[in-house]
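Examining the three-dimensional arrangement
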Amino acid sequence: MRAFAFLVVAFAAAATAAGAEPFPVPGKPVRILVGFAAGGGTDVQARIVAPKLAEALGVPVVVENRPGASTMLAAQEVARAAPDGHTLLLATGSSLAINVSLYKNLGYDPEKDFEPISLVGVQTNVLYTHPSVPANNI
């Protein structure tokens, strides 16, 4: 099973309206929210991407960890953020697909509240057991 991580931003249809600030706003940092604790695979991916994104955009890029509620805390915060492109979510299958089938009220709609920007990485999951267990397949 593979979990795809997407860097997503809150949908910003109104960003093209007359008088909208340019992106990125000079000096205004871009935040990448991660729904897991620091040190995990998703956090590491965000910290690899952040410096390159900062270099490309010319503004600071800060990784913020918002662990808890099966990644919903981070996703909810990004969904509520101003749709100016300065608040991003490094999402996983949990945020975008699994939680939809597990919880009645996510506090966000993965299809309406987010827009994919880029595939960041692919993570492979492996199931292990003790060698004394006679199983050799799932």
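Relevant structure appears above.
What the protein chain contains, in helices and strands, is four helices and five strands. For the protein chain, the N- to C-terminal ordering of α and β elements is β-β-α-β-α-β-α-α-β. For the protein chain, the residues scored as buried account for 34% of the 138 residues in total. Long-range contacts, defined as pairs at least 24 residues apart, comprise 80% of the intrachain contacts of the protein chain with a sequence gap of at least 6.

For helix α1 (residues 41-57), spanning 17 residues, the distance from its first C-alpha to its last is 24 Å, which sits close to the expected 24 Å at 1.5 Å a residue. At Ala50, α1 shows its maximal kink, close to 25°; a proline, Pro51, follows between one and four residues later. For α1, the full list of buried residues reads Thr42, Asp43, Gln45, Ala46, Ala50, Leu53 and Ala54. A positive phi of about 75° marks Gly58, the residue just after α1.

A few words on a nonpolar patch on the surface. On the surface, a cluster of nonpolar side chains totalling about 280 Å² of accessible area is made up of Ile98, Leu102 and Tyr103. One can find Leu102 in helix α3 (residues 93-102). Take Leu102: its relative accessible area is 55%, and that puts it in the exposed class.

A separate point is the environment of Ala97. Relative to the helices and strands, Ala97 resides in helix α3. When the C-alpha positions of Ala97 and Glu111 are compared, they lie 9.8 Å apart, and in sequence the two are 14 residues distant.

Next up on the list: α3. By the burial criterion, the buried members of α3 are Ser94, Ser95 and Asn99. The arc that holds the buried residues of α3, viewed along the axis, is 75°, so those residues lie on one side. Summarising the contacts, the buried residues of α3 are in contact with α2 (72-80), β4 (87-91) and α4 (110-113).

Within the element layout of this structure, Val61 appears in strand β3 (residues 61-65). For Val61 and Arg47, which are 14 residues apart along the polypeptide, the C-alpha to C-alpha distance reads 9.5 Å.

Analysis parameters
Residues numbered from 1 in each chain as written. Predicted model: local features only at pLDDT ≥ 70, side-chain atom pairs only at ≥ 80, totals over all residues. Heavy atoms only, no water. Helix = DSSP H or I, 4+ residues; strand = E, 2+ residues; numbered from the N terminus. Buried < 20%, exposed > 50% of the residue type's maximum accessible area, 1.4 Å probe, protein only. Contact = heavy atoms within 4.5 Å. Expected span 1.5 Å × (residues − 1). Bend = angle between axes of the 7 residues up to and from the residue. Patch = residues over 30% accessible without salt bridge, like charges linked within 9 Å, V, L, I, M, F, W, Y side chains within 5 Å. Areas by Shrake-Rupley, 256 points an atom, 1.4 Å probe, with all protein chains shown as cover. Salt bridge = Lys/Arg side-chain N within 4 Å of Asp/Glu carboxyl O. Arc of directions from axis to C-beta.

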